[in-house]
Amino acid sequence: MSSAEVSAVLEMRAVDMEFQLGGLVGKRTTLRALSGVSLRLEAGRALALVGESGSGKSTCARLLSRVYSPAAGQVLFRDGDVAPLRGKSLDAYRAQVQMIFQDPFGSLNPTQSIAYHLERPLKIHRHGLSSKEVREASEALLLQVGLVPAAEFLKRRPHELSGGQRQRVAIARALSVEPSVLLADEPTSMLDVSVRLGILNLLEDLKQQRKVASLYITHDIATARYFAEDTAVMYAGHVVEQGPSEAITANPLHPYTQLLIESVPNPKNKITGSSARRATDIPLWTAESRGCPFASRCPRVTDICRETMPEATVVGDGHTARCHHL
Ligand SMILES: Nc1ncnc2c1ncn2[C@@H]1O[C@H](COP(=O)(O)OP(=O)(O)OP(=O)(O)O)[C@@H](O)[C@H]1O
Ligand SMILES: [Mg+2]
């Protein structure tokens, strides 16, 4: 089914996000961290958000979990704007939309047992459970994330686990409130290569079995397609290309996406001088900036690129790109 036929669980529509920079000594600047970003998360599917450091990926996750509010545009959960949510309805929303971070250690309390981390949200979310039922539910969660024997892991503290095991605990805790959305911000990038696949397989099972809608933030466009059906490529706060992951990796059309794919380390390809040379910093984008943010690095740049950012052009089934020279 193409994505246009399925209703989104969580969606960003034409979102702008701004941060005030400088102040005290320097001149104040308004950083336009996101410009007109639209993303859709659907039940049982994953969207990979790729792009280099500073492109705005984590900012999207924070907007979706309503840590930030957009300067313009909307975040919609099951078609309802999340901006007016307050108090209990905001708590309920935040339970539905769970974040998993790069550093599982940072999101766990080092002085508390794993049992504490799971039992607390269970008691709040499913009040009325007896202590025995809470313990059983905690064990079932650990079993689901592959931490067995569960009774043994419940007793331990975060530092008594490996990095991969800690990330499994963070995922179990996110699941304890039965969320409909998981926002995973580089969930495997701090883990040893050997345990990354296990975590991705776990996220894949949750997507399929629980029909969780997932956002998967990663620097790694090449492996994104193994987990995520769809990919959105960001550059300086703009989504420059978006569509089915297979199409994006097999037939990248935006010059930035092509650069990303070309730069994927591959023993068969030599790293070309041109792509290595162009790996400079993303421009500081402000409300006054004009044109395509990739213009300063783009091999296809012409005058129009410095003047206007084109709208998205449909280049295939559900596949769009924003470039004057497609
Ligand atoms: N709270 C903030 N105040 C000011 N600027 C911010 C804030 N949060 C993010 N930014 C800026 O917004 C831009 C996007 O940041 P973001 O963290 O979303 O990037 P990212 O794509 O997640 O990068 P990385 O891959 O390094 O995690 C960056 O220029 C960053 O410095
Ligand atoms: Mg980030």
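Everything that follows concerns the structure shown earlier in this document.
Structure report, in brief. (Residues numbered from 1 in each chain as written. Chains lettered and ligands numbered in written order. Predicted model: local features only at pLDDT ≥ 70, side-chain atom pairs only at ≥ 80, totals over all residues. Heavy atoms only, no water.)

1. Details of the overall build of the protein
In step 1: Broken down by element type, the protein carries 12 helices and 12 strands.
In step 2: In terms of overall dimensions, the protein is globule-like: its C-alpha atoms have a radius of gyration of 21 Å, near the 20 Å expected for 326 residues.
In step 3: By principal-axis analysis of the C-alpha atoms, the protein measures approximately 70 × 50 × 50 Å.
In step 4: Looking at the protein residue by residue over its 326 residues, the buried ones come to 46%.
In step 5: A separation threshold of at least 6 residues defines the contact pool for the protein, and within that pool the share at least 24 residues apart is 65%.
In step 6: Accessible surface computed for the protein: about 16,000 Å², of which carbon and sulfur atoms make up 52%.
In step 7: Separation between the mean location of the 38 positive side-chain charges and that of the 34 negative ones in the protein comes to 4 Å. (Helix = DSSP H or I, 4+ residues; strand = E, 2+ residues; numbered from the N terminus. Rg over C-alpha atoms; globule rule 2.2 N^0.38 Å. Buried < 20%, exposed > 50% of the residue type's maximum accessible area, 1.4 Å probe, protein only. Contact = heavy atoms within 4.5 Å. Areas by Shrake-Rupley, 256 points an atom, 1.4 Å probe, with all protein chains shown as cover. Lys, Arg positive; Asp, Glu negative; His and termini not counted. Charge placed at Lys NZ, Arg CZ, Asp CG, Glu CD.)

2. Topic: the site of ligand 1
In step 1: Around ligand 1, a shell composed of 15 residues is seen, among which Ser53, Gly54, Lys57, Ser58 and Thr59 lie nearest.
In step 2: In this structure, an oxygen atom belonging to ligand 1 sits 3.0 Å away from a main-chain N or O atom of Gly56.
In step 3: Here ligand 1 loses 65% of its free accessible area of 640 Å² to cover by the protein chains.
In step 4: At the level of elements, strand E1 (10-21), strand E2 (29-41) and helix H1 (57-64) are the ones that each hand at least two residues to the shell around ligand 1.
In step 5: With three residues, the single largest contributor to the shell around ligand 1 is H1.
In step 6: Taken together, the residues of the shell around ligand 1 sort by class into five nonpolar, seven polar and three charged. (Near = heavy atom within 4 Å. Polar contact = N/O pair within 3.5 Å; in protein donor to acceptor, adjacent residues only side chain to side chain. Nonpolar A, V, L, I, M, F, W, Y, C, P; charged D, E, K, R; others polar.)

3. As for empty space enclosed by the protein
In step 1: Taken as a whole, this structure holds one cavity of 30 Å³ or more when the rule is applied.
In step 2: In this model, the largest cavity occupies a volume close to 80 Å³. (1 Å grid on protein atoms, 1.4 Å probe; cavity = no way out; pocket = protein on both sides within 12 Å on 5 of 7 lines; lining within 4 Å. Points joined across faces, edges and corners; volume = space filled by probe spheres on them.)

4. With respect to the nonpolar core
In step 1: Formed by 51 residues in total, the largest nonpolar core has its most connected members in Leu142, Val145, Ile171, Leu203, Val233 and Tyr256.
In step 2: Apart from the residues within four sequence positions on either side, Val145 is in contact with Arg168, Ile171, Ala172, Leu175 and Leu202.
In step 3: Counting residues in each nonpolar core, the second largest holds 30 residues, with Leu41, Cys60, Leu63 and Leu183 among its members. (Core = buried A, V, L, I, M, F, W, Y, C linked by side-chain atoms within 4.5 Å.)

5. Overview of the pairing of strand E8 (residues 213-218)
In step 1: For E8, a buried count of six out of six residues is recorded, marking the element as mostly surrounded by other parts of the structure.
In step 2: Going residue by residue along E8, you find Ala213, Leu215 and Ile217 tucked away on one face and Ser214, Tyr216 and Thr218 tucked away on the opposite face as well.
In step 3: As defined by bridge partners, strand E3 (residues 46-50) adjoins E8 across five bridges and the pair is classed as parallel. Bridging from a neighbouring strand, Val50 pairs with Thr218 of E8. (Pairing = 2+ DSSP bridges.)

6. Thoughts on the pattern of salt bridges
In step 1: Scanning all chains against the criterion turns up 15 salt bridges.
In step 2: Ionic pairing is found between Glu52 and Arg297, a salt bridge with its closest N-O pair at 3.1 Å. Taken together, the residues span a long stretch of sequence, with Glu52 in the loop between E3 and H1 and Arg297 in the loop between helix H11 (273-277) and helix H12 (303-307) at a distance of 245 residues.
In step 3: A residue is classified by how much of its surface remains accessible, and Arg297, at 6% relative accessible area, is buried.
In step 4: A salt bridge links Glu307 to Arg290, with the shortest nitrogen-to-oxygen separation between them at 2.6 Å. Here Arg290 lies in the loop between H11 and H12 and Glu307 lies in helix H12, a separation of 17 residues in the sequence.
In step 5: In this structure Arg290 comes out as exposed when scored by relative accessible area, which is 55%.
In step 6: The structure contains a network of salt bridges with shared partners spanning Arg40, Glu42, Arg45 and Asp230. (Salt bridge = Lys/Arg side-chain N within 4 Å of Asp/Glu carboxyl O.)

7. What about the side chain of Thr231?
In step 1: By the secondary structure assignment, Thr231 is in strand E9 (residues 230-235).
In step 2: By relative accessible area, which is 2% here, Thr231 ends up buried.
In step 3: A polar contact of 2.8 Å, which involves the side chain of Thr231, links it to the side chain of Ser245.
In step 4: With residues near it in sequence (within four places) discarded, Thr231 still touches Leu47, Ala48, Val50, Ala224, Glu241, Gln242, Gly243, Ser245 and Ile248.

8. A few points about the sheet that holds strand E7 (residues 181-185)
In step 1: Taken together, eight strands build an open sheet; the order of strands is E6-E7-E8-E3-E9-E10-E12-E11 and the sheet is mixed. For this open sheet the edge positions go to strand E6 (97-100) and strand E11 (313-316), each flanked by a neighbour on one side alone. Averaged over all adjacent pairs, the angle separating strand axes in this sheet is 20°, with direction ignored.
In step 2: In terms of strand pairing, strand E10 (residues 238-244) meets strand E12 (residues 319-321) through two bridges, oriented antiparallel. Residue Glu241 lies in a different strand from E12, and its bridge partner there is Ala321.
In step 3: Across the sheet, helix H10 (residues 255-262) is in contact with E3, E9 and E10; its angle to E9 comes to roughly 105°. (Axes fitted to C-alpha atoms, helices over the stretch in contact; angles between N-to-C directions.)

9. Quick word on the sheet that holds strand E4 (residues 72-77)
Paired through backbone hydrogen bonds, the strands of a sheet run either parallel or antiparallel to each other.
In step 1: If you trace the four strands from one edge of the open sheet to the other, you get E2-E1-E4-E5, paired in antiparallel fashion. Single-partner strands in this sheet number two, and they are E2 and strand E5 (80-81).
In step 2: The pairing of E1 with E2 spans nine bridges and is classified as antiparallel. Bridge pairing in E2 links Glu11 to Arg40.
In step 3: Contacts from H1 reach E1, E2 and E4 within the one sheet, and its direction differs from that of E1 by about 115°.

This is a description of form; function is not addressed.
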